[in-house]
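In case you want the letters, here they are:
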Amino acid sequence: MTHTTDAHYQQHVLPYYRTFGSRFGYAALLGRTRHFGWYEPGDSPWAFAAAIRRMELVVARKLALSPASSVLDAGCGVGDTARTVAKESGAYVTGIDGIEPDVALARQRSVRTGEPGRHTRFLVANYHALPFADASFDGVYTMESFVHSCDPRRGLAEFLRVLRPGGRLVMCEYSSTPQARLSPQARSALVRVCELSGMPGMLMMTHGRLERLLRQAGFTVDSAYDATEKILPMLKCFSVLGRLPYALACGVGRGDSLVNAMSGVEMYRHQETWRYNIRVATKP
């Protein structure tokens, strides 16, 4: 099982994050953070950093942890969400990720932040085979990282295993519309984005399926909130920024080479293909 998930990560996820477009885009626009922001009416759509912090605060508040709780960030990237959760809640956050340079940068950034940095640690690990004892954490969360899972049942089983009874799981993740319900153009766009971005979990997680899998894994599902409208302003900005380079690339038959520009344009154009959801579940 672990070999299969590791192979998927090496063959599909890492190549996506190593492309020039991914490295440049995330660095230039989001400071290397890799998740959407939360917008309320009146918020500037171009104020990406503020929106990103608001989304991280939503996660911290939904975890509802007491100070000194132990939390797992499953897919931590450069650790921005972990530091926000630690600062907001006083919890101790362990972040794991499969991209070693990001884990190294997460450690460096936490050292520079002072107090929140003393509440975080970062490890290279796979959330399908967590290197922690049973009942190690009071909370677990994912921030747009479970879409990369090629074995969602295994990942959820690991989250349940490492949570203590009463522990809370918060998942900010996409779901997709069943392909049979989509037009050929929308279906093609969805499949291309997921395949080129190493996101089989998004195709597998059709609307409502993650909630069913959570229950089958042994969780109690407390809430499932459709937050699509909260992230659309940022996606619209990405679509505007990506429109010209994507059109030029398509003109020479290289549209798929600009994965992030393609994703911004096509996912904003075909909003019927996806939703952005925040699920909260508890281990009985």
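See the structure printed just above.
What you see is a predicted model, and the numbers here were worked out from it, not measured in a lab.

Student: Sorry, what's going on with the overall build of the chain here?
Tutor: Counting its regular elements, the chain contains eleven helices and seven strands. Across its three principal directions, the C-alpha atoms of the chain cover 55 × 40 × 40 Å. Buried residues in the chain amount to 55% of all 284 residues. Sequence-distant contacts in the chain: of pairs separated by 6 or more residues, those separated by 24 or more amount to 76%. Carbon and sulfur atoms make up 55% of the accessible area of the chain, which totals about 12300 Å². Here the chain contributes 34 positive and 25 negative side-chain charges, whose respective centroids are spaced 1 Å apart.

Student: Mind showing me how you'd approach the pattern of salt bridges here?
Tutor: Summed over the entire model, instances satisfying the criterion amount to 15 salt bridges. Here arginine 53 makes a salt bridge to aspartate 80, at a shortest N to O gap of 3.9 Å. Residue arginine 53 is found in helix α3 (residues 48-63), and its partner aspartate 80 is found in helix α4 (residues 80-89); the two are separated by 27 residues along the sequence. For arginine 53, a relative accessible area of 32% corresponds to the partly exposed category. Residue class for aspartate 80 comes out buried when judged on its relative accessible area of 14%. The closest approach of N and O atoms between aspartate 80 and arginine 83, which form a salt bridge, is 2.7 Å.

Student: Teacher, can you tell me more about the nonpolar core here?
Tutor: Residues Tyr141, Met234, Trp274, Tyr276 and Ile278 are the most contacted members of the largest nonpolar core, which totals 60 residues. Per-element accounting of this core gives the leading share, eight residues, to α3. If we ignore the near neighbours within four places in the chain, the residues touching tyrosine 141 are Val59, Leu63, Val71, Leu72, Asp73, Ala74, Thr81, Ala82, Val85, Val93, Leu169 and Val170. Counting residues in each nonpolar core, the second largest holds 24 residues, with Phe132, Leu156, Phe159 and Leu214 among its members.

Student: What's the story with the packing of helix α6 (residues 152-162) against helix α9 (residues 209-217) in this structure? I'm lost.
Tutor: A pair of packed helices can be characterised by two numbers: the angle between their axes and the separation between those axes. One way to put it is that α6 packs onto α9 with a least axis distance of 10 Å and a crossing angle of 50°. Judged on the interaxial angle alone, α9 and α6 are oblique. For the pair α6 and α9, the crossing hand works out as right-handed. Contact with α6, carried on its side by Pro152, Arg153, Leu156 and Leu160, involves Arg209, Leu210, Leu213, Leu214, Gln216 and Ala217 of α9 and no other residues of that element. Residues of the contact of α6 with α9, tallied by class, amount to seven nonpolar, one polar and two charged.

Quick notes on the rules
- Residues numbered from 1 in each chain as written.
- Predicted model: local features only at pLDDT ≥ 70, side-chain atom pairs only at ≥ 80, totals over all residues.
- Heavy atoms only, no water.
- Helix = DSSP H or I, 4+ residues; strand = E, 2+ residues; numbered from the N terminus.
- Buried < 20%, exposed > 50% of the residue type's maximum accessible area, 1.4 Å probe, protein only.
- Contact = heavy atoms within 4.5 Å.
- Areas by Shrake-Rupley, 256 points an atom, 1.4 Å probe, with all protein chains shown as cover.
- Lys, Arg positive; Asp, Glu negative; His and termini not counted.
- Charge placed at Lys NZ, Arg CZ, Asp CG, Glu CD.
- Salt bridge = Lys/Arg side-chain N within 4 Å of Asp/Glu carboxyl O.
- Core = buried A, V, L, I, M, F, W, Y, C linked by side-chain atoms within 4.5 Å.
- Axes fitted to C-alpha atoms, helices over the stretch in contact; angles between N-to-C directions.
- Parallel < 35°, antiparallel > 145°, perpendicular 65-115°, else oblique.
- Left-handed = near helix turned anticlockwise from the far one by under 90°.
- Nonpolar A, V, L, I, M, F, W, Y, C, P; charged D, E, K, R; others polar.

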